[in-house]
Amino acid sequence: MPTSRFTAARLHPVIKALIRILWVSSLAATIAGCSEQTPKTSTATPVGNSPSAAKTANGETIAWREHIIDDAELAGFALSGSDGLVVGDIDGDGWEDIVSVHESDSEYDSSTFDPDYVPDAEGHVRIAFRQADSFSWENITLAEGSDVPAPEDVDIADVNGDGLLDVVVAAELSHLIYLQNPGQSLARQGAAWPRLILPMTQGNGSYIRVFFGDLNNDGQVEIIAANKGAQRPGPQDYARATPVSFYSFDGDPLAPNSWKETVLGMYSIPQNSQTFDLDSDGDLDILVGTRGESRLAWFENRSDEQGFEFVEHAIGIVGGVASGFNLEYDDVNGDGRIDIITAVGTATLPSTLAWLEQPEHKDSPWLSHAIGTIAPDTVTGIALADIDGDGDGDYFVGSYSSGPREVDGESSETGIDNALGRLAWFENLGAGADWKRHDVSRRKRGMFDKFVVRDVDVDGDIDIYGTRGNSFPYDGVFWLEQRRSQSEQPSFIPAREHESPEMVLPSH
């Protein structure tokens, strides 16, 4: 097996002190500037019913129509808690399919790791096979129950080199599980996929994000995952460290003894370990986000076929703090360096979508530039796309509702000034310096966690795949069709006649 070598580089104490002094005032000023784009008073018309003000580069109105791909009604059982999804051609028919995870858990009754704890969440991993030349899908269950207790995330790659896409799932109540594609026709027929729970992860914490990546460019992928320790971390969990690791194998990936864990670092509630070539040198680096420490770091990849080597760099942010649950990447200001797009904020200031400017030198501070806020709704799902077709990067976002997950009742948690389920996008008005928010929909219940950008209907504009949770029986997988018209149209056309109510914008 390859050897592993690691070194760490931290910010100079003086720089860290400067950042701590500056970030609160800087972020406050930034958000104050963004608030000019946020309506000061609510409108009598719910967001989704309001006429769209978004325009393409040639003046057409942009609106969105929702289509359901998978939900409880289509599944025939209580499918709920939809979270991660990934898109790829699973059955080799030339059409991309969708692999999605559904945690089926609205209680979140697991806390600090207990070796005697038995997960009771059902959990489902589903595949939606796209029907050729149509906008319909055939849904099957790939895994369920104790194999995937409260699954949170999923990724796909050809692991065993047979030309077929395999699956890895992060289960928030227990472990990582690898599922091997049995063959194109068998996959579509619903045949059982051979599977392995990675033994060093079983019952050993809580896995919330997972990624495949060939870290040393040897043609064989590794699994990269953060162990956040517990599904619902308590004070004692914030005071301990759990690992961000990668998992490599030698031999048969279905054999337990083939796998080896290499720990990159230990953090308080690590919740992301995303792969991306941040320094543009041709290999995959690893971006870490921690909830407990409210910070980002990245591991510079210096690996080769002889072994793995990573160097850790702190991402010290001037103008905010970030825990990095979702990250996007783009050279926003055109300086040739990749920037990070994520939610920034503090406990006392709104969650704000911002881009973090990569510095010229690796260990210098990153400057935070606000894109906009959807407060009191919180930025969670993020997707980069040229929505209006003008050649630059816009950002589609989704939020978490904070009220009851299974009822739309009137309560103090579902008023217009509470965190609700919103869809919106930020139009780039030029070089990342100016932005305009376009609200799409705002419902009492919705957890919009993950988006994948595609031209689903092959009409030349950007559509969006997504998952929705916190909304049973409306949880599941959907796609948003971008609709362009010369005439006025409502911002959002829902797929269902009966839905969680559309709400107006907040009153301030």
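See the structure printed just above.
Residues numbered from 1 in each chain as written. Predicted model: local features only at pLDDT ≥ 70, side-chain atom pairs only at ≥ 80, totals over all residues. Heavy atoms only, no water.

A tally of regular secondary structure across the protein gives 4 helices and 31 strands. Looking at the 508 residues of the protein, the share that counts as buried comes to 56%. Partitioning the contacts of the protein with sequence separation of at least 6, the portion at a separation of at least 24 is 59%. For the protein, the exposed area adds up to about 19000 Å²; of that, 50% sits on carbon and sulfur atoms. (Helix = DSSP H or I, 4+ residues; strand = E, 2+ residues; numbered from the N terminus. Buried < 20%, exposed > 50% of the residue type's maximum accessible area, 1.4 Å probe, protein only. Contact = heavy atoms within 4.5 Å. Areas by Shrake-Rupley, 256 points an atom, 1.4 Å probe, with all protein chains shown as cover.)

This part takes up the sheet that holds strand E26 (residues 421-428). Sheet architecture is open: 4 strands sit in the order E24-E25-E26-E27, paired in antiparallel fashion. Of all the strands in the sheet, the pair left with one neighbour each is strand E24 (381-385) and strand E27 (435-443). Strand-to-strand twist in this sheet, taken as the mean axis angle between neighbours without regard to direction, amounts to 15°. (Pairing = 2+ DSSP bridges. Axes fitted to C-alpha atoms, helices over the stretch in contact; angles between N-to-C directions.)

Mapped onto the elements, Asp 155 comes out in strand E7 (residues 151-157). Residue class for Asp 155 comes out buried when judged on its relative accessible area of 14%. Between the C-alpha atom of Asp 155 and that of Val 167, which follows or precedes it by 12 residues, the distance is 5.8 Å. Filtering out sequence-adjacent residues up to four positions away, Asp 155 remains in contact with Val 86, Asp 166, Val 167, Val 168, Val 210, Phe 211 and Phe 212.

Here we take up the environment of Pro 233. Mapped onto the secondary structure, Pro 233 falls in the loop between strand E12 (222-227) and helix H4 (235-238). A relative accessible area of 15% places Pro 233 in the buried class. As a C-alpha pair, Pro 233 and Gly 292 span 59 residues in sequence and 9.3 Å in three-dimensional space. Contact partners of Pro 233, with chain neighbours within four places excluded, come to Lys 228, Tyr 238, Ile 269 and Arg 291.

So, about the packing of aromatic side chains. What the rule picks out here adds up to 11 aromatic pairs. Seen from their ring centres, Phe 246 and Phe 310 are 5.8 Å apart, and the 50° between their planes marks the pair as tilted. Taken together, the positions of Phe 246 in strand E13 (residues 242-249) and Phe 310 in strand E18 (residues 307-315) put the pair 64 residues apart, joining distant regions of the chain. You'll find Phe 246 and Phe 310 in the same group, each marked buried. Geometrically, the ring pair formed by Phe 448 and Phe 478 is edge-to-face, given 6.0 Å between the ring centres and 85° between the ring planes. In this pair, Phe 448 sits in the loop between E27 and strand E28 (451-454) while Phe 478 sits in strand E30 (residues 476-485), placing the two residues 30 residues apart along the sequence. (Phe/Tyr/Trp six-rings, centres within 6.5 Å; stacked < 30°, edge-to-face > 60°.)

By the secondary structure assignment, Asp 461 is in the loop between E28 and strand E29 (463-468). Apart from residues no more than four positions distant in its own chain, Asp 461 is found in contact with Asp 455, Gln 482 and Arg 484.

Counting 20 residues, the largest nonpolar core has Val 99, Val 167 and Val 169 as the members making the most contacts within it. Membership of the second largest hydrophobic core comes to 17 residues, among which are Val 159, Leu 196, Tyr 207 and Phe 249. (Core = buried A, V, L, I, M, F, W, Y, C linked by side-chain atoms within 4.5 Å.)

With that settled, the discussion passes to the pattern of salt bridges. Scanning all chains against the criterion turns up 24 salt bridges. Here Arg 126 makes a salt bridge to Asp 70, at a shortest N to O gap of 2.9 Å. Taken as a pair, Arg 126 in strand E5 (residues 124-130) and Asp 70 in strand E2 (residues 61-71) lie far apart in primary sequence, 56 residues in all. The same class applies to Arg 126 and to Asp 70, which are both buried. A salt bridge links Arg 188 to Asp 91; its shortest N-O distance comes to 2.5 Å. Of this pair, Arg 188 sits in helix H3 (residues 184-188) while Asp 91 sits in the loop between strand E3 (82-88) and strand E4 (97-102); the two residues are 97 residues apart in sequence, bridging distant segments of the chain. With respect to burial, Arg 188 and Asp 91 carry one shared label: buried. Several salt bridges converge on common partners, so that one network encompasses Glu 66, Asp 71, Arg 443, Arg 468, Arg 496 and Glu 499. (Salt bridge = Lys/Arg side-chain N within 4 Å of Asp/Glu carboxyl O.)

For the rest of this paragraph, the subject is the sheet that holds E30. Spatial ordering of the open sheet is given by E28-E29-E30-E2-E31, a layout of 5 strands whose pairing is mixed. Since the sheet does not close on itself, it has two edges, and those belong to E28 and strand E31 (492-493), each with one partner. Here E29 runs beside E30; their pairing, made up of 5 bridges, is antiparallel. Across the sheet, the residue bridging to Tyr 465 is Trp 479, located in E30.

Turning to the side chain of Ser 268, a few remarks are in order. Mapped onto the fold, Ser 268 is located in the loop between strand E14 (259-267) and strand E15 (270-276). Engagement of the side chain of Ser 268 in a polar contact is seen with the backbone oxygen of Tyr 238, the distance being 2.9 Å. Residues within four places of Ser 268 in sequence aside, it is in contact with Asp 237, Tyr 238, Arg 240, Thr 290, Arg 291, Gly 292 and Glu 293. (Polar contact = N/O pair within 3.5 Å; in protein donor to acceptor, adjacent residues only side chain to side chain.)

Attention now moves to the environment of Asp 377. Tracing the backbone through its elements, the reader meets Asp 377 in the loop between strand E23 (366-373) and E24. Residue classification places Asp 377 among the buried residues on the basis of a relative accessible area of 1%. Measuring from C-alpha to C-alpha, the distance between Asp 377 and Arg 442 comes to 9.3 Å, with 65 residues separating the pair along the chain. In this view, Asp 377 contacts Ser 399, Asn 418, Ala 419, Leu 420, Arg 422 and Arg 442; residues no more than four positions away in its chain are not counted.

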